[in-house]
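Per-entry structural report
Listed below, chain by chain, are the residues.
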Amino acid sequence: MKYQSQAVAKLYFIAAIGLFVGQILFGVILGLQYVIGDFLFPTIPFNVARMVHTNLLIVWLLFGFMGASYYLVPEESQREIHSVKLAKWLFWIFLGAGALIILSYLLIPYARLAELTGNSFLPTMGREFLEQPTIGKIGIAVVCTGFLYNIAVTVLSGRKTVINMVLLTGLLGLVVLWLFSFVNPENLVLDKYYWWWVVHLWVEGVWELILGSLLAFVLIKTTGVDREVIEKWLYLIIAMALITGIIGTGHHYFWIGTPHYWLWFGSVFSALEPIPFFMMTLFAFNMVNKRRRDHPNKAATLWALGTGVMAFLGAGVWGFLHTLAPVNYYTHGTQITAAHGHMAFYGAYVMVVLCIISYAMPKMRGRVANSNKAQVVEMWSFWMMTVSMVFITLFLTAAGILQVYLQRMSDAPLPFMVVQEKMEFFYWMREVAGVVFLIGLIVYLVSFFVKGEELPAVATEMKAPAVD
Amino acid sequence: MKEAFTKSMARNIYYGGSLFFVLLFLGLTMDTHRKLPKTDNSGAITEQVSHGKRLWEENNCIGCHTLLGEGAYFAPELGNVYSRYGNSTEAIKAFIKSRPPGGIPGRRSMPQFNFTEEELDAIAEFLKYTDGIDTQDWPPNIQG
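Residues numbered from 1 in each chain as written. Chains lettered and ligands numbered in written order. Predicted model: local features only at pLDDT ≥ 70, side-chain atom pairs only at ≥ 80, totals over all residues. Heavy atoms only, no water.

The name given to chain B in an unreviewed UniProt entry is C-type cytochrome, with Marinicella sediminis as the source organism.

Within an unreviewed UniProt entry, the label attached to chain A reads Cbb3-type cytochrome c oxidase subunit I, and the organism entered is Marinicella sediminis. Within the UniProt record for chain A, the comment given under Sequence similarities (unreviewed entry) is "Belongs to the heme-copper respiratory oxidase family." Of the comments in the UniProt record for chain A, the one headed Subcellular location (unreviewed entry) reads "Membrane". (UniProt positions renumbered as here; feature names shortened; annotations may be inferred.)

Take the nonpolar core next. Core analysis: the largest hydrophobic core is formed by 199 residues, its most contacted members being Trp60(A), Trp202(A) and Trp207(A). It is helix H7 (residues 188-223) of chain A that provides the largest number of residues to this core, a total of 25 residues. Among all residues touching Trp207(A), those that are not within four sequence positions of it are Leu61(A), Leu62(A), Phe65(A), Leu174(A), Trp202(A), Phe345(A) and Tyr349(A). Residues Trp255(A), Leu263(A), Ala325(A) and Trp138(B) belong to the second largest nonpolar core, which totals 6 residues. (Core = buried A, V, L, I, M, F, W, Y, C linked by side-chain atoms within 4.5 Å. Buried < 20%, exposed > 50% of the residue type's maximum accessible area, 1.4 Å probe, protein only. Helix = DSSP H or I, 4+ residues; strand = E, 2+ residues; numbered from the N terminus. Contact = heavy atoms within 4.5 Å.)

Another aspect to go through is the UniProt feature "domain: Cytochrome c" (unreviewed entry) in chain B. Per the UniProt record, "domain: Cytochrome c" (unreviewed entry) is found at residues 47-131 of chain B. Between the first and last C-alpha atoms of residues 47-131 of chain B the distance is 17 Å; the span itself is 47% helix and 5% strand.

Next up on the list: the packing of aromatic side chains. The description of two aromatic rings rests on the distance between their centres and on the angle between their planes. Under the counting rule described, the total for this entry stands at 59 aromatic pairs over all chains. When the ring of Tyr194(A) is compared with that of Trp197(A), the centres are 5.0 Å apart and the planes differ by 65°; the resulting orientation is edge-to-face. Separated by 3 residues within a single helix, Tyr194(A) and Trp197(A) lie in helix H7, roughly one turn from each other. Of the residues examined, Tyr194(A) reaches a relative accessible area of 13% and is grouped as buried. Ring geometry for Tyr253(A) versus Trp262(A): centroids 5.0 Å apart, planes at 80°, classification edge-to-face. An aromatic cluster of at least three residues, connected via ring pairs, comprises Phe180(A), Tyr193(A), Tyr194(A), Trp197(A), Tyr253(A), Tyr261(A), Trp262(A), Phe265(A) and Phe25(B). Stacked on the ring of Tyr73(B), the Lys or Arg Arg50(A) has its end atom at 6.0 Å from the ring centre. (Phe/Tyr/Trp six-rings, centres within 6.5 Å; stacked < 30°, edge-to-face > 60°. Lys NZ or Arg CZ within 6 Å of the ring centre and 35° of its normal.)

This part takes up helix H10 (residues 274-289) of chain A. Taking 1.5 Å per residue as the helical rise, H10(A) with its 16 residues ought to reach 22 Å, and the 23 Å between its terminal C-alpha atoms agrees with that figure. Residues Pro274(A), Pro276(A), Phe277(A), Met279(A), Met280(A), Thr281(A), Phe283(A), Ala284(A), Met287(A) and Val288(A) constitute the buried set of H10(A). (Expected span 1.5 Å × (residues − 1).)

Below, the discussion takes up the confidence of the model for chain A. Interpreting fine coordinate detail is not advised for predicted regions of low pLDDT. Across chain A, the average pLDDT comes to 96, with 97% of residues at or above 70. Throughout residues 464-468 of chain A the model reports pLDDT below 50, and contacts reaching past four residues in sequence, or to other chains, amount to 4 contacts. (pLDDT = per-residue confidence, 0-100.)

This brings us to unusual backbone geometry. Put simply, Phe41(A) and Pro42(A) share a cis peptide bond, and its omega is 0°. For Pro42(A), the position within the fold is in the loop between helix H1 (9-35) and helix H2 (46-77). The omega torsion across Trp138(B) and Pro139(B) is -5°, close enough to zero to call that bond cis. With respect to the helices and strands, Pro139(B) occurs in the segment after helix H5 (117-131). In this model, Leu40(A) sits at a positive phi of 65°, which is unusual for a non-glycine residue. Mapping Leu40(A) onto the fold places it in the loop between H1 and H2. Even without a glycine there, the phi angle at Asn114(B) is positive, about 55°. Within the secondary structure layout, Asn114(B) lies in the loop between helix H4 (89-97) and H5. The exposed category is assigned to Asn114(B), whose relative accessible area is 62%.

See below:
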């Protein structure tokens, strides 16, 4: 760790991991509710558990991005963070507000929560992923703006690199697009139209800038490859992400009452969306192959490679699978969507946050990398979580195919609930895979407490590899 | 990557490409706004429908159901429930009213929301309005 202020990232990372655990526990509950319909009903109905599951995901990824920024920006900008005090204040405000939102979901009936928080003054609640009370949304906007200010001042008054400028652009986009969470017209079509400006333009737009810059940072550090090369890749990846992803929003405008031409725009551009993710895979593998040093933190390198592969599979391949309008006509709003959502979020955003945590945490704990023993445990958790996520995705895909056939394609389409019962087998298998994921996560937590022999304090430089 | 392809070329593709597609997206958005009245059934939005939408939101219906295919996948699609229930708002109201407060043993069940008659009417009218949106013939059949 070169700068004292980087240490503030540790708070954010610990909170991120803590909330991640909560997210997965509720995921396991949800999986069980799919097969035992009255499980925890009416104490924790499905919709409440689902809000907790998805909102925790969003909040902990935001904690992860913030921690990552506070760690990365000083090294890139070659100066301390503008205000560590602000970073700490915002951390506690965000954690407090986040906990309050989650607890209010669990303890207060949702309609009562809407009433208590005055939803009628500025109605924003009750839309998927944007369930937070309006006051909570304002809180998120304030925290993110304060965070953006802190990062922006640091970046703009220090050394500007492609990595920190791209990161800053991504964070700016994150804050600006969040403002669309306050847009909720009476017209359902327009409501949905702008709802996607938060949801799609975050995860298939500006978040990819954040993802790209985090990945590039870890790859520079662990491989020692020339910055020029890495930055060129980064530019190309994010260029492709925005070129395909912005108009790619159209793949959500097929069946919600928007004009017919979106079927073409959405299909063509979103069919290209796998390209930036495939480039990320090539990028990660190429850089590791061309590495000029053997960094003792093997686990971080594994997460970096894993991010490339799993983001491509989850976001790229599973996205492409159902993105063309003629296919989506049958798959829209089925378990195929759920399958894609799970692997895409895990592969792209969960893994990149765990990647930077893996790289930065040992440094903040005063060593260049964890002991081999601890890294082996961490790598076990990598494989357990990643492989079980592949299985969750495969089982949900199987469930989805069955659902599409029985409910939408067969000669005598069956009602939704009848079909759900026929899918039960795959839901059970998904639940088993989910439990393995949870065990993998526990192994991950354990890896932070494994001791073992100290490693040399510096990375071993390799002989320069043959130039190609 | 070949040396002939420089970082500044990559940067220009990023800036130029992003700017172009942001502008195209804004243009398409404006055009969508212009064309929407033909498909979005907005003529049917009454005060009652708006009230229904608010109730839909404040009871987090999207947390289990899909509406025009978006939402959770735990409970049936409701974008076409009005047609599925034989174009009857009464049938929709009757279903919502009939949910047992304690659930159904071993099965998924919608909670009992204890809506007033006026609220039930608003929700049913909202779902009727939604059913009238031109969705390019989605869903493929009445089962949603």
